[in-house]
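One-letter residues, chain by chain:
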Amino acid sequence: MTAPTHGPDDPEGLSDRDRAVLAVERQSWTGPGAKERAIREQLGISPTRYYQLLNALLDDRRALEEDPVTVNRLRRVRAARRERR
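Everything numeric here is computed off the predicted structure, so don't read it as measured data.

What counts, and at which threshold
- Residues numbered from 1 in each chain as written.
- Predicted model: local features only at pLDDT ≥ 70, side-chain atom pairs only at ≥ 80, totals over all residues.
- Heavy atoms only, no water.
- Core = buried A, V, L, I, M, F, W, Y, C linked by side-chain atoms within 4.5 Å.
- Buried < 20%, exposed > 50% of the residue type's maximum accessible area, 1.4 Å probe, protein only.
- Helix = DSSP H or I, 4+ residues; strand = E, 2+ residues; numbered from the N terminus.
- Expected span 1.5 Å × (residues − 1).
- Arc of directions from axis to C-beta.
- Contact = heavy atoms within 4.5 Å.
- Patch = residues over 30% accessible without salt bridge, like charges linked within 9 Å, V, L, I, M, F, W, Y side chains within 5 Å.
- Areas by Shrake-Rupley, 256 points an atom, 1.4 Å probe, with all protein chains shown as cover.
- Salt bridge = Lys/Arg side-chain N within 4 Å of Asp/Glu carboxyl O.
- Lys, Arg positive; Asp, Glu negative; His and termini not counted.
- Charge placed at Lys NZ, Arg CZ, Asp CG, Glu CD.

Undergrad: Mind showing me how you'd approach the nonpolar core here?
TA: Soluble globular proteins tend to pack their nonpolar side chains together in the buried interior. With 15 residues, the main nonpolar core has Val21, Leu43 and Tyr50 as its most contacted residues. For this core, the elements supplying multiple residues, two or more each, are helix H1 (16-26), helix H2 (34-43), helix H3 (47-58) and helix H5 (68-84). For this core, the leading source of residues is H3, giving 5 residues.

As structure tokens, this is what we get:
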């Protein structure tokens, strides 16, 4: 069972699952499928759900406070993808 994700205005801070999502994103991956496999094994969720949670975290000020390097890097990647569309 996974911990609930708190809303963006919740003063409690990030949930354990939110922190785990950021931790997965900080890792480097050696080959195709390694990250998706880790998402399923470590978090117990599908890659699709993982990316939904991650995208929401990028807009959450608490995630930025928790891990500014990762969140800012991912925000730049997301912005670049949007510009290419």
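Undergrad: Mind showing me how you'd approach H5 here?
TA: Given a rise of 1.5 Å per residue, 17 residues ought to cover 24 Å, and the 24 Å separating the end C-alpha atoms of H5 matches this to within 8%. Among the residues of H5, Thr70, Val71, Leu74 and Arg78 are the ones counted as buried. Taken down its axis, H5 places every buried residue within 90° of arc, on the same side. Looking at H5, the residues exposed on the side facing more than 90 degrees away from the buried face are Val69, Arg76, Glu83 and Arg84. Contact partners of the buried residues in H5: H1, H3 and helix H4 (61-66).

Undergrad: What should I look at first to understand a positive patch on the surface in this one?
TA: A cluster of basic side chains, namely Arg81, Arg82, Arg84 and Arg85, defines a positive patch on the protein surface. Residue classification places Arg85 among the exposed positions, given a relative accessible area of 80%.

Undergrad: Help me understand H1, please; the structure alone is not making it clear to me.
TA: Quick reminder: α-helices carry 3.6 residues per turn. Residues three or four places apart thus point the same way. Where H1 is concerned, the buried positions are Arg17, Asp18, Val21, Leu22, Val24 and Glu25. Each buried residue of H1 sits inside an arc of 155° when the element is viewed along its axis, so together they form one side. In this fold, the buried residues of H1 make contact with H2, H3, H4 and H5.

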